[in-house]
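A look at the structure
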Amino acid sequence: MKIAVMPGDGIGREVTAQAVKVLKAVVGHGRPLELVEAAIGQAGIDAAGDPLPAATSEIAQKADAILFGSAGMPGDEEIPFMMRPGASLLRLRKELGLFANFRPAFLFPELIGASTLKPEVVDGLDLMILRELTGDVYFGEPRGSGLNANGEREAFNTMRYSEPEVERIAHVAFRTARTRGRKLCSVDKANVLEVMQLWREVVTRVGKEYPDVELTHLFVDAAAMQLMRAPKQFDVIVTGNIFGDILSDAAAMLTGSIGMLPSASMAAGSFGLYEPVHGTAPDIAGKNLANPLASILSMAMMLRFSFEQAGNAGRVEGAVRRVLAEGLRTGDIFQPGCTRVGTEEMGDAVVAAL
Ligand code: NAI
Ligand code: MG
């Protein structure tokens, strides 16, 4: 198991250290584990003058999977975009062809009070949002800004998907639904946008190859409403880049804390980049306050998706549940009557629970 470890900046460093500790504890027996650390973000600039140093790209190419922390620091807006610490992740995604972004929204029963929604609405919530990551309005050409014929400033972007791009993510979505509740909801805006008509047509056609998966379609506005009204109706949701960006953050918040949310970004095959959803949290960095569970749960996704170790992944998730049941809490998920712990203590507790 060759894993590139990229802690990055801020709390990325603190939480990744805990995930590595738990990884070593769960894999320990027999399976050779090779961890190669690589600098990225501000750490890459400090080490090699580039947020994504060539050496880091090379380590990534040779690895089976990447465990990523977070990158970027506020106040870097002066720097050209591609040289900003935070852009390192976008560059890496592109270099590695990571097109399928998995964002689970799973509520641990122990944290039911942390959600802003009524307990009965979120109790037992377990859904997966699959967001296409390489196309759509973020990358479509033409794009730009300038003056129009009337001399007024204007700016424009292009929403664009090709048939193979939609096919590729649709297959991943149907296969994912097969490993879960066999229900897939495709989210688009086919009533208004040609590109989304293509999306719906292609997903429907691909669906014929998966007759055992129940396919439904929703327009994105209706999907947003249903996510807040009755999120448990969903199993897997597949959608394009921009709708997925928005819906996955909204769905994530159903579960309460950003410190609990893992993610995976997959290329074709089993290669993936695994990272917590949160950023570098400069307000709490370096203080042993960050919740490492999102990073630890991302590592569990890595075991499941890249190394076919569903058993070990389940063990890690079970250990996380156990420390929550024991009442251990970092500040972001603190509830009255619980025991407040720091980043390292939380990592140690997960290892002990394993
Ligand atoms: P953020 O996720 O870093 O922080 C938002 C809030 O949540 C803060 O109050 C923070 O203290 C809290 N928080 C985040 N993670 C936590 C954890 N594990 N435990 C406890 N509390 C936690 O988002 P923000 O402040 O918008 O961005 C800060 C920097 O991170 C920016 O430079 C941004 O570009 C970068 N960023 C990087 C990402 C990545 O590497 N994938 C993703 C999001 C932001
Ligand atoms: Mg986002």
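Counting restarts for each chain, with residues numbered from 1 along the sequence as it is written. Each chain takes a letter, starting from A, and each ligand takes a number, starting from 1, following the order in which they are written. Reporting of local features is limited, given that this is a predicted model, to residues whose pLDDT is at least 70; pairs of side-chain atoms are given and counted only at 80 or more, and all residues count toward the totals for whole chains, interfaces and linings.

So, about unusual backbone geometry. For the bond from E141 to P142, the omega torsion is 0°, close enough to zero to count as cis. Where helices and strands are cited, they refer to DSSP runs of H or I of at least four residues and of E of at least two residues respectively, numbered from the N terminus. Mapped onto the fold, P142 is located in the loop between β5 (126-132) and β6 (144-147). The phi dihedral of N288 falls on the positive side, at around 60°, and the residue is not glycine. Of note, N288 is situated in the loop between β12 (272-276) and α10 (293-305). We call a residue exposed when 12 or fewer other C-beta atoms sit within 10 Å of its C-beta, buried when the count reaches 20 or more, and partly exposed for counts in between; the C-beta positions come from the backbone. Assessed through the 14 C-beta atoms surrounding it within 10 Å, N288 is described here as partly exposed. Positioned with a positive phi, E308 is a non-glycine residue whose angle comes to about 50°. Inspection of the secondary structure assignment puts E308 in the loop between α10 and α11 (310-325). Note on E308: 11 C-beta atoms within 10 Å, which makes it exposed.

Attention now moves to the site of ligand 1. If you check the shell around ligand 1, you find 24 residues, and the closest are S70, G72, G259, H278 and G279. Three classes are used, and their members are as follows: Ala, Val, Leu, Ile, Met, Phe, Trp, Tyr, Cys and Pro are nonpolar, Asp, Glu, Lys and Arg are charged, and the others, Gly among them, are polar. Tallied by class, the residues present in the shell around ligand 1 amount to 12 nonpolar, nine polar and three charged. Here is the check we use: build the C-beta atom from the backbone, and if it is within 6 Å of the molecule or strand, call the residue near.

For the rest of this paragraph, the subject is helix α7 (residues 194-207). With 14 residues, α7 extends 20 Å from end C-alpha to end C-alpha; this agrees with the ideal 20 Å at 1.5 Å per step. Buried within α7 are the following residues: V195, M196, W199, V202 and V203. Looking straight down α7, one finds that the buried residues subtend no more than 120° of arc, so they occupy a single side. Once C-beta atoms are placed from the backbone, any two residues with those atoms within 7 Å are in contact. Summarising the contacts, the buried residues of α7 are in contact with α6 (163-178) and β8 (183-188). To estimate how far a helix should reach, multiply one less than its number of residues by 1.5 Å. Relevant arc is that of directions from the helix axis to the C-beta atoms, nothing else.

Here we take up the domain arrangement of the protein. Either an automatic procedure or a domain database provided the assignment from which the domain bounds are taken. Taken as a whole, the protein is organised into domain 1 (1-102 + 258-354) and domain 2 (126-145 + 156-253). Once you take the C-alpha centre of each, domain 1 and domain 2 turn out to be 26 Å apart. With nine residues of domain 1 in contact, the opposing surface of domain 2 contributes 11 residues. The leading source of residues in the side of domain 1 that touches domain 2 is strand β4 (residues 100-106), at three residues. Tallied by class, residues from the side of domain 1 that touches domain 2 come to six nonpolar, two polar and one charged.

The buried count for strand β1 (residues 2-8) comes to six of seven residues, which makes it a mostly enclosed element. In the sheet, β1 pairs with strand β2 (residues 34-37) via four bridges, with the strands oriented parallel. Paired with I3 across the two strands is L35, which belongs to β2. Pairing between strands requires that DSSP locate at least two bridges from one strand to the other. Pairing of β1 with strand β3 (residues 65-70), which is carried by five bridges, proceeds in the parallel orientation. Residue I3 lies in a different strand from β3, and its bridge partner there is A65.

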